[in-house]
Amino acid sequence: MTTNPFGRLITAMVTPMRPDGSIDEDGIRAVVEHLLASGHDGIVVNGTTGESATLSDDESITAVRIAKEVAGDRAAITAGVGSNDTAHSVHMAARAAEAGADALLLVSPYYNKPTQAGLLAHCRAVADSTELPIMLYDIPGRTAVAFDTATLIELAQHPRILAVKDAKADLWASTHVMAATDLLWFSGDDVLSLAHLAQGAVGVVSVVGHVAGREYAAMLAAVDAGDLAQAREIHQRLIPAVDAIMTTSQGAIMSKAALAELGVIESAFVRLPLVESPPEHLELLRKGLAEAGLA
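Rules used throughout
- Residues numbered from 1 in each chain as written.
- Predicted model: local features only at pLDDT ≥ 70, side-chain atom pairs only at ≥ 80, totals over all residues.
- Heavy atoms only, no water.
- Helix = DSSP H or I, 4+ residues; strand = E, 2+ residues; numbered from the N terminus.
- Contact = heavy atoms within 4.5 Å.
- Lys, Arg positive; Asp, Glu negative; His and termini not counted.
- Charge placed at Lys NZ, Arg CZ, Asp CG, Glu CD.
- Pairing = 2+ DSSP bridges.
- Axes fitted to C-alpha atoms, helices over the stretch in contact; angles between N-to-C directions.
- UniProt positions renumbered as here; feature names shortened; annotations may be inferred.
- Buried < 20%, exposed > 50% of the residue type's maximum accessible area, 1.4 Å probe, protein only.
- Arc of directions from axis to C-beta.
- Salt bridge = Lys/Arg side-chain N within 4 Å of Asp/Glu carboxyl O.
- Expected span 1.5 Å × (residues − 1).

Caption draft 1: Inspection of the overall build of the chain at higher detail. If you tally the helices and strands in the chain, you get 13 helices and eight strands. Here the contacts in the chain between residues at least 6 apart in sequence split such that 70% fall between residues at least 24 apart. Looking at the chain, you have 20 positive and 36 negative side-chain charges, and the mean spots of the two groups are 0 Å apart.

What follows is the structure in structure tokens.
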């Protein structure tokens, strides 16, 4: 069995920003402490929800450094280093390691639309360049290219490629890879978290975990105990919150709005091309959080 260096209850955390668009370092500290207080043993920094696409390299590394300083040995910090430029991903992997990251998140290259051979070469190049464990991130809705089952099975042979964050919404493909490899499987889609856990995933990389860490911890414990009825009850109770954060507009936007509503961060500012929630979305968010018992 592969040792898990990532944690099990993981949230892909937002990158707090001030109203002028600058990085809010105190906000980063506050969000990390908030996640630790709700049971997280892992945090992803510079993922999609962290607005990695509009962070500078220095901002990304600052976020990793601060998150690790706050978390210490209380949670693993996995740094997103994905890019559509392999050389840049290699560079960021080295910088993330220097900043204290415990592991790396590597999304499939976006826009370029590489072949499966290209995906293999890209991931191996990054994995060969680092000593840190790697979680692959399969999210074709954003990247336009999915990891084929055969590609994941082949990449699993690399000693530092240990896990997959699955946001592909293909449970049968996930089953095939889990059956054929020792890759640690993580739900990367809050809508499908229970389904992934029920068929063998070891954890979640959540967005709704910003506000529902304790609930996801309870879901993981219920699945571990074989109590699917309890896990299903939690899953269903969270429906209003998942809908409010994941389908009202966009996860990063609504997560920041939720954290601001709860007083964890001061500003819900997001960088263009994202824009903050309008009043009608905030009302839906408040309603969803209240109905899920999270307000």
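Caption draft 2: Spatial organisation of the sheet that holds strand 5 (residues 134–138). The parallel closed barrel is built from eight strands, whose spatial order is 1-2-3-4-5-6-7-8. For this sheet, the mean angle separating the axes of adjacent strands, direction not counted, is 25°. Sheet topology note: the strand 5/strand 6 (residues 161–166) ladder contains five bridges and is parallel. Bridge pairing in strand 6 links Ile134 to Ile161. Running over the sheet, helix 2 (residues 57–71) touches strand 2 (42–45) and strand 3 (76–80) and is turned about 175° from strand 3.

Caption draft 3: View of the UniProt feature "binding site: pyruvate" (unreviewed entry) in the chain. Here, the residues flagged by UniProt with the feature "binding site: pyruvate" (unreviewed entry) are Thr49 and Val205. Across 157 residues, the annotated set stays spatially compact, with a maximum C-alpha separation of 10.8 Å. Inspection of the secondary structure puts Thr49 in the loop between strand 2 and helix 2. With residues up to four places along the chain from it excluded, the contact list for Thr49 reads Ala12, Met13, Val14, Thr15, Val207, His210, Gly251, Ala252 and Ser255.

Caption draft 4: Expanded view of the pairing of strand 1 (residues 9–12). A two-sided burial pattern is seen for strand 1, the buried positions comprising Leu9 and Thr11 on one face and Ile10 and Ala12 on the other. Pairing analysis gives three bridges linking strand 1 to strand 8 (residues 203–206), with the strands arranged parallel. Counterpart to Thr11 in the pairing with strand 8 is Ser206. Note that strand 1 and strand 2 share three bridges and pair parallel. For Ala12, the partnering residue across the bridge sits in strand 2 and is Val44.

Caption draft 5: Examining helix 7 (residues 171–180) more closely. When we look at burial in helix 7, the residues that qualify are Ala173, Ser174, Val177 and Met178. Here the buried residues of helix 7 occupy an arc of 135° about the axis, which is enough to place them on one side. Exposed positions of helix 7 whose direction lies more than 90 degrees from the buried face are Trp172 and Ala179. Elements that come into contact with the buried residues of helix 7 comprise helix 6 (149–155), strand 6, strand 7 (184–187) and helix 8 (193–198).

Caption draft 6: A look at the pattern of salt bridges. This structure, assessed with the given rule, holds 14 salt bridges. For Asp58, the salt bridge identified is with Arg95, shortest N-O distance 3.0 Å. On the criterion of sequence distance, the pair formed by Asp58 in helix 2 and Arg95 in helix 3 (residues 86–98) is long-range, its members being 37 residues apart. For Asp102, the salt bridge goes to Lys68, with nearest N and O atoms at 2.8 Å.

Caption draft 7: Representation of helix 3 in the model. Between its first and last C-alpha atoms helix 3 spans 19 Å; for 13 residues at 1.5 Å apiece the expected length is 18 Å, and the two agree. For helix 3, every residue scored as buried is listed here: Ser89, Met92, Ala93 and Ala96. Along the axis of helix 3, the buried positions cluster into a sector of 110°, meaning they face one direction only. Exposed residues on helix 3 whose side chains face more than 90 degrees from its buried face are Ala87 and Glu98. Of the surrounding elements, those touching the buried residues of helix 3 are helix 2, strand 3, strand 4 (103–107) and helix 4 (116–128). Two residues or fewer after helix 3 comes Gly100, characterised by a positive phi angle close to 110°.

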